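One letter stands for each residue in the lines below.
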Amino acid sequence: FYRLADLHQRRGGLSLPMLACGAFGVVCFGVLYRFAGQPLLLSLVCSLGVFSFMAIIIKLFCAIRSREKLAGGIAHLGVVLLVLAAFAGTEKSVEMPLAEGKTLPLGGWEFSYESFEAKVSGGVEQAGPHIAMRKGGVYKRLWPHRDTYPGKPELGGVSRPAISTGWFEDVCITFGGPAPDGGAKIAVRARTFMFWLWLGGALIIAGSALAVAEGRTRPPTNGRVIATPERNRVQLP
């Protein structure tokens, strides 16, 4: 809110920025609460976050045009993204045996066991199932596997999870070994907004670094006060 108050002091009014930020917040609340069926508290937090996000974006745009410092705005933008991703993010997981040709649903995704592959690469034996992910028209094929080292039984098997990253959701699949019925033991974990969580942290670090750089480039005053010239006085005859 203080970003909008700053615009009010500089430009003599904030009706247009306030309406723009409020409109984005209301739309976000309506989409989450009305159409997506999210809880009321989560919808309110996300709508306030979108309101703050748009206020900071407007302030940054004005600062770029007037060539002002950007460090504070960038850091605050990272804080808003971090809070939004932490509150709005959800995590779902499941662990169970999956037979070949069967399908496992989770978070709107459908995971199916297509085939099993075993190979040797660089002296390391690698074995694991090929898992297909489908959601709408999206199709991805991942290969979680386990590495074993011949001649070094003390190391045991090392699990190598397969990870699918996206703008709004990350999926991690881990292979836990063969199942007694001939299938594969897999663990699936889906976490939303991970990209925005990392982006928020990166913006906080970038804003802090930029603030340090801007502080170093500030011209020294040496403790002196620069006096402004007095106005010309009009002397009466």
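Owing to the predicted nature of the structure, the values given are computational and were not obtained by experimental measurement.

A few words now on helix α4 (residues 71-88). Over its 18 residues, α4 extends 26 Å from the first C-alpha to the last, a length consistent with the 26 Å expected when each residue adds 1.5 Å. Within α4, burial applies to Ala71, Gly73, Ala75, Leu77, Gly78, Val80, Leu81, Leu84, Ala85 and Ala88.

Under the counting rule described, the total for this entry stands at 5 salt bridges. With a shortest N-O distance of 3.5 Å, Glu114 and Arg134 are connected by a salt bridge. Of this pair, Glu114 sits in strand β3 (residues 109-121) while Arg134 sits in strand β4 (residues 124-135), and the two are 20 residues apart along the sequence. According to the relative accessible area criterion, Arg134 is partly exposed, its value standing at 36%. One salt bridge connects Lys135 with Glu169, and the closest N-O pair in it is separated by 3.2 Å. Pair noted here: Lys135 is in strand β4 and Glu169 is in strand β9 (residues 169-178), with a separation of 34 residues, a long-range link. Judged by relative accessible area, Lys135 falls into the partly exposed class, the value being 29%. Classification of Glu169 as buried rests on a relative accessible area of 18%. What you see here is one network of salt bridges that share partners, running through Glu114, Arg134 and Arg141.

The predicted coordinates should not be examined in detail at positions where pLDDT is low. Across the chain, pLDDT averages 80, with 81% of residues at or above 70. Considering each helix and strand of the chain separately, the mean pLDDT is smallest for helix α1 (residues 2-11), with a value of 48, and largest for strand β8 (residues 162-164), with 94. Note on residues 231-237: pLDDT is under 50 here. Beyond four places in sequence and across chains, it has 0 contacts.

Phi at Phe193 is positive, roughly 60°, even though this residue is not glycine. Within the fold, Phe193 resides in the loop between β10 (184-192) and α5 (194-216). Judged by relative accessible area, which is 26%, Phe193 ranks as partly exposed.

The topology assignment puts Met18 in helix α2 (residues 15-35). On the basis of relative accessibility, which here comes to 34%, the residue Met18 falls in the partly exposed class. The sequence separation of Met18 and Ala55 amounts to 37 residues, and the corresponding C-alpha distance is 8.0 Å.

This brings us to the side chain of Arg191. Note on placement: Arg191 falls in strand β10. Despite its burial, Arg191 pairs with no opposite charge; the closest candidate is Glu91, at 4.0 Å N-O. Once residues within four sequence positions are removed from consideration, Arg191 is found in contact with Ala85, Gly89, Thr90, Glu91, Phe168, Glu169 and Asp170.

So, how was this worked out
Residues numbered from 1 in each chain as written. Predicted model: local features only at pLDDT ≥ 70, side-chain atom pairs only at ≥ 80, totals over all residues. Heavy atoms only, no water. Helix = DSSP H or I, 4+ residues; strand = E, 2+ residues; numbered from the N terminus. Expected span 1.5 Å × (residues − 1). Buried < 20%, exposed > 50% of the residue type's maximum accessible area, 1.4 Å probe, protein only. Salt bridge = Lys/Arg side-chain N within 4 Å of Asp/Glu carboxyl O. pLDDT = per-residue confidence, 0-100. Contact = heavy atoms within 4.5 Å. Lys, Arg positive; Asp, Glu negative; His and termini not counted.

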